[in-house]
Amino acid sequence: MPELPEVETVRRGLAPAMEGARFVAVKAHRRDLRWPLPKDFATRLQGKTVVGLGRRAKYLLADLSSGDVLLMHLGMSGSFRVDRDGGEQVPGKYHHERGQHLAHDHVVFRMSSGAVVTFNDPRRFGSMKIVPRTRLDEEPLLRSLGPEPLGNAFDAAMLAHACWRKTTSLKAALSDQRIVAGLGNIYVCEALHRARLSPKRKASTAATRSGAPNVRAERLVAGIRAVLTEAIKAGGSSLRDHKRTDGELGLFQHNFRVYDRAGEPCPTPGCTGTIKRIVQNGRATFFCPVCQR
Ligand SMILES: [Zn+2]
């Protein structure tokens, strides 16, 4: 499942094709994504210009000249493809994969930039929704989301306050979208490893008795920011190399320090630990029991 860095990579890949461009034609081959597309989907988009392409947590938000916002979510298996005349921007391997999956091309945007943006989603957990910009604050999909982990509102004081009276684990707290938006299983594991904190530790230990931030809260914020920033940077270079916007290449498995590395030596310098896999709330957690305390 794409996480925040992958979605940000997708946003950066789509921006040159969509920002400042008008929807010339909109085709929905299948309307039954995670939720049905609105009946007036095509008419509300056609002829409108994308003023800006932003992101909130794992949602892409295309701001339209009409005052509407197009919300797009990749779900479990969604991806976007940008095709331009000439097709020179796509490597050969890409053509092969694309041919196999044409049946899953559900939504196609023909843009005035000359680009054709296609949403492909085999499992159809992805979604698209159109919301008036003035009602964005009330939008149920966005309303309860916590701050952006790379934004100014997310800091040690905020995190400590959110964790203060929580008896759940740090892993569960960081995975809670109301506390911090957009972090999934992979980057929570990676951030905890960088912060050298056990995923099993109680969330409340990231705050002092009075709810003030302590050194653990500081380390968590730094760990989260570092791991996301590096992943976005890696995603950016994958975009330059492959001209893909499915975010898949943003998931650089070899860059993960603990995720999916059970049994391997801990990469922390000087640590003799071995990465362990446990299950918390039904999800796999990877961590080093030696340096993560
Ligand atoms: Zn270790």
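Every value quoted in this text rests on a predicted model; they were computed, and no experiment measured them. Numbering of residues begins from 1 in every chain and follows the order in which that chain's sequence is written. Under the rules for a predicted model, residues below a pLDDT of 70 receive no local features and side-chain atom pairs below 80 are neither given nor counted, while totals for whole chains, interfaces and linings still include all residues. Side-chain numbers here rest on the full set of heavy atoms in the structure, without hydrogens or water.

**A word on the overall build of the protein**
What the protein contains, in helices and strands, is eight helices and ten strands. Whether two residues are in contact is decided by their heavy atoms: any pair within 4.5 Å suffices. Considering only contacts within the protein whose residues lie at least 6 apart along the sequence, 68% involve residues at least 24 apart. Split by element, the accessible area of the protein, about 13800 Å² in all, is 50% carbon and sulfur. Helix and strand assignments follow DSSP, with helices taken as H or I runs no shorter than four residues and strands as E runs no shorter than two, numbered in order from the N terminus. In short, Shrake-Rupley with a 1.4 Å probe defines the accessible areas, and a residue's cover is counted only from the protein chains shown.

**Focus: the coordination of the zinc ion**
For a metal bound by four donors in tetrahedral geometry, the ideal donor-metal-donor angle is 109.5 degrees, whereas six donors in octahedral geometry ideally sit at 90 or 180 degrees. Atoms of type N, O and S within 2.8 Å of a metal are treated as its donors, and for Na, K and Ca the window is 3.2 Å; water is not considered, so some sites may appear to be missing partners. Looking at the metal site, the zinc ion is ligated by Cys266 (SG), Cys271 (SG), Cys288 (SG) and Cys291 (SG), spaced 2.3 Å from it. The rule is simple: four donors are tetrahedral if all their angles sit between 85 and 135 degrees, four are square planar and six octahedral if opposite donors span more than 155 degrees and the others lie between 65 and 115, and anything that fits none of that is irregular. Relative to the metal, the four donor atoms surrounding the zinc ion lie at angles of 104 to 117°, and the coordination shape comes out tetrahedral. Expressed as a motif, the donor residue spacing for the zinc ion is C-x4-C-x16-C-x2-C. Here Cys291 lies in the segment after strand E10 (283-287) and Cys266 lies in the loop between helix H8 (215-242) and strand E9 (276-280), a separation of 25 residues in the sequence. Buried residues are those whose accessible area, probed at 1.4 Å on protein chains only, stays under 20% of the maximum for their type, while exposed residues exceed 50% and partly exposed ones sit between those limits. Among the residues examined, Cys266 registers a relative accessible area of 7% and is labelled buried.

**Some remarks on the sheet that holds strand E3 (residues 59-64)**
In short, DSSP must find at least two bridges between two strands for them to pair. Strand order in the open sheet formed by four strands is E2-E3-E4-E8, with antiparallel pairing between adjacent strands. Looking at strand neighbours, the two that pair on one side only are strand E2 (50-56) and strand E8 (127-132), the edges of this open sheet. Across this sheet, the average inter-strand angle for adjacent strands is 20°, counted without regard to direction. Relative to E3, E2 runs antiparallel, the two being bridged by six bridges. When the bridges of E3 are listed, Val50 appears paired with Leu64. Against the sheet, helix H1 (residues 4-18) engages E2 and E3, with an angle of about 175° to E2. Where helices are involved, their axes are fitted lines through C-alpha atoms of the stretch in contact, as for all axes, and angles between N-to-C directions lie from 0 to 180°.

**Section: the nonpolar core**
Counting 40 residues, the largest nonpolar core has Leu159, Tyr187 and Leu220 as the members making the most contacts within it. Of the residues forming this core, the biggest block, seven residues, is contributed by H8. With 30 residues, the next largest nonpolar core counts Phe80, Val107, Phe109 and Val117 among its residues. As used here, the term nonpolar core means buried Ala, Val, Leu, Ile, Met, Phe, Trp, Tyr and Cys residues forming a set that is joined through side-chain atoms within 4.5 Å.

**Looking at the side chain of Asn120**
Residue placement: Asn120 occurs in strand E7 (residues 116-120). Polar contact criterion, stated in full: a pair of N or O atoms within 3.5 Å, where within protein one must be able to donate a hydrogen and the other to accept it, and residues adjacent in sequence count only if both atoms are side-chain atoms. Here Asp105 takes part through its side chain, which lies 2.8 Å from a polar atom of the side chain of Asn120.

**Examining helix H5 (residues 156-163)**
Along H5, the residues that are buried comprise Ala156, Leu159, Ala160, Ala162 and Cys163. The buried residues of H5 occupy an angular sector of 165° when the element is viewed end-on, so they sit on one face. The arc in question is the one traced by the directions running from the helix axis out to the C-beta atoms.

**Thoughts on the sheet that holds E7**
The antiparallel open sheet is built from four strands, whose spatial order is E1-E6-E7-E5. Looking at the sheet topology across the chains shown, the edges are occupied by strand E1 (23-28) and strand E5 (79-83). Neighbouring strand axes in the sheet, compared pairwise and without regard to direction, differ in orientation by 15° on average. One ladder, built from five bridges, connects strand E6 (residues 105-111) with E7; its direction is antiparallel. Counterpart to Arg110 in the pairing with E7 is Val116. Contacts from H1 reach E1, E5, E6 and E7 within the one sheet, and its direction differs from that of E5 by about 35°.

**Here's the deal with helix H7 (residues 185-194)**
Counting buried residues along H7, ten of its ten residues qualify, which places the element largely inside the surrounding structure. For H7, the complete set of buried residues consists of Asn185, Ile186, Tyr187, Val188, Cys189, Glu190, Ala191, Leu192, His193 and Arg194. Phi turns positive one or two residues past the end of H7, at Arg196, with a value near 55°.

**Description of the pattern of salt bridges**
Should a side-chain nitrogen of Lys or Arg be within 4 Å of a carboxyl oxygen of Asp or Glu, the pair is scored as a salt bridge. One pass over the structure, following the stated rule, counts 17 salt bridges. Between Arg12 and Glu8 there is a salt bridge; the shortest N-O distance is 2.8 Å. One end of the pair, Arg12, and the other, Glu8, are both in helix H1, four residues apart, so they sit about a helical turn from each other. Given the relative accessible area of 43%, Arg12 is considered partly exposed. Residues Arg178 and Asp176 are paired through a salt bridge, measuring 3.0 Å at the closest nitrogen-oxygen approach. Taking relative accessible area as the criterion, Arg178 reaches 60% and is therefore assigned exposed. Because the salt bridges share partners, they merge into one network encompassing Glu8, Arg11, Arg12, Arg55, Arg56 and Glu148.

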